[in-house]
Every structure is written in structure tokens, then in C-alpha cells.
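Structure assessment
The chain contents come next:
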Amino acid sequence: LAHRALTLPLWVPAGETREIYLRLDSHDGLFAMMPLRLYDLSSFFAASTREGLLLSLFHGGLVSLAVFNLLLFISTRQTQIGLYVLHLLAFLLAGASFRGFTFQYLWPGSPAFHNMVTVSSVILAFVSGSVFVMRYVRLHRYVSRITRDGLHGLILLSLAGMVPAAFGHYLTTVIWTLVGLFLIVV
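Residues numbered from 1 in each chain as written. Predicted model: local features only at pLDDT ≥ 70, side-chain atom pairs only at ≥ 80, totals over all residues. Heavy atoms only, no water.

**Regarding the overall build of the protein chain**
The helix and strand tally for the protein chain stands at 8 helices and 0 strands. When the helices and strands of the protein chain are placed in sequence order, the string is α-α-α-α-α-α-α-α. When burial is assessed residue by residue, the protein chain has 30% of its 186 residues classed as buried. Long-range pairs, those at least 24 residues apart, make up 61% of the contacts in the protein chain with a sequence separation of at least 6. Accessible surface, the protein chain as shown: approximately 12,900 Å² in total, 69% of it carbon and sulfur. (Helix = DSSP H or I, 4+ residues; strand = E, 2+ residues; numbered from the N terminus. Buried < 20%, exposed > 50% of the residue type's maximum accessible area, 1.4 Å probe, protein only. Contact = heavy atoms within 4.5 Å. Areas by Shrake-Rupley, 256 points an atom, 1.4 Å probe, with all protein chains shown as cover.)

Structure (C-alpha cells):
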């Protein structure tokens, strides 16, 4: 079906039993994490509409927050606010692409590009959030130069995780980025 989720219509007559086999081929193993659910037609569209409404409220709130903070950044020129706006926009893009809205409406003919955007936006959201917090709490005043340089190196390591995504190596990207993000949190 033309839907943001991978949706396959299956028609089974009432009172009949069928065995259905799905073969999902993936070069990166991400299909192993894909949940499968069966719906009847009306229940599917009701659940999809409800989920779409809640997600649009959430995404609309994020857009409003980003626009407000962008105006605040333009008036004050504070780096922390600009980083917060970048974090909000990256988080919005990650959420929208993860749920398939960007694939459904913005680039429906480019699944490889969609996968790259999904992975890259998650990386950008975490890195921009980390840099925002570092700038907001003025970490440079309270930690040594070695710690600061180490944090900058870890941020670069996380951003470098976007390189394999450009070549379609998503599992490598996820592992590379999770290592960098885990070390940033530590």
C-alpha cells in the first residue's frame, strides 16, 4: 500500500487458513528488528490515523519550539541557542524519517537516501545535543584541557559515523556511532 510503513495487503477469505511466508532481504541486518503486526482493514486505518495525529501534534510542537528559538537566536546571536535549534531540527528530522513521513512525502522514490537521512539525522541530533549541553553548562570552565580535547575527539568520532552511511553500510554506521555516543555520555 502507498503508506509510510511497509504495508502488505493480504486477503484471506473468512473461515480459511493460510500459511504466509515473508522473505525480507537486508544487507545490514536491520530487518531483524522490524516488528510484524496483522490488522484487519478498518483497524489498520484507525490505528494509522490515530498514530499520525499524535505524531503530527508532536512534530508541530517541535517545529514551533524550533521557530521560536530560531527567532531568539537571530535576536541574541548566542551560540547555545543556535545549537539548540540545530538539535531540535535534527531531532525533528530523525523522528519524521524514522516514522517514514519524510519517505512518504518528501522523497518517495529514494529509499537509499531515506536510510542515509535517518541514520545521519540521529547522529546529528545526539552530537548537536551533546555540544549544546557542553556549551550551555560552560564545560570549558570546569574541566581540564585534556578532557575538552577528548570530548571534541569523541564528537568527531560520532560525526565520522555518517561516512559509512553514505556508502550504504548502515550496521557499521550504527556501531561506530554508538561507540562514540557512549563515550560522550561517559
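**Here's the deal with the packing of aromatic side chains**
All chains considered together, the criterion is met by 6 aromatic pairs. A network of ring pairs unites the aromatic residues Tyr39, Phe44 and Phe45 as a single cluster. (Phe/Tyr/Trp six-rings, centres within 6.5 Å; stacked < 30°, edge-to-face > 60°.)

**Re the pattern of salt bridges**
For the structure on display, the rule yields 2 salt bridges. A salt bridge links Glu51 to Arg99; the nearest nitrogen and oxygen atoms lie 3.0 Å apart. Residue Glu51 is found in helix α1 (residues 41–76), and its partner Arg99 is found in the loop between α2 (79–98) and α3 (101–105); the two are separated by 48 residues along the sequence. Residue Glu51 is classed as partly exposed on the basis of its relative accessible area, which comes to 31%. A relative accessible area of 38% means that Arg99 is categorised as partly exposed. (Salt bridge = Lys/Arg side-chain N within 4 Å of Asp/Glu carboxyl O.)

**Structural notes on the nonpolar core**
Core analysis: the largest hydrophobic core is formed by 6 residues, namely Val119, Ile123, Val127, Met134, Leu151 and Ile155. Mapped onto this core, the elements with two or more residues apiece are α4 (111–136) and α6 (145–160). The leading source of residues in this core is α4, at 4 residues. (Core = buried A, V, L, I, M, F, W, Y, C linked by side-chain atoms within 4.5 Å.)

**Some points on α4**
The terminal C-alpha atoms of α4, which comprises 26 residues, lie 37 Å apart, in line with the 38 Å expected from a rise of 1.5 Å per residue. Immediately beyond the C-terminal end of α4, within one or two residues, lies Arg138, with a positive phi of roughly 55°. (Expected span 1.5 Å × (residues − 1).)

**A look at unusual backbone geometry**
Glycine aside, residues mostly have negative phi angles, and peptide bonds mostly take the trans form. Notably, Arg77 is not glycine yet its phi reads approximately 60°, a positive angle. Checked against the element boundaries, Arg77 lands in the loop between α1 and α2.

**Concerning the packing of α2 against α4**
Closest axis-to-axis distance for the α2/α4 pair is 8 Å, and the angle between their directions is 155°. Relative to α4, α2 is oriented roughly antiparallel. Pair α2 / α4 crosses with left-handed handedness. When the residues that make up the contact of α2 with α4 are grouped by side-chain class, the tally is 15 nonpolar, 9 polar and 1 charged. (Axes fitted to C-alpha atoms, helices over the stretch in contact; angles between N-to-C directions. Parallel < 35°, antiparallel > 145°, perpendicular 65-115°, else oblique. Left-handed = near helix turned anticlockwise from the far one by under 90°. Nonpolar A, V, L, I, M, F, W, Y, C, P; charged D, E, K, R; others polar.)

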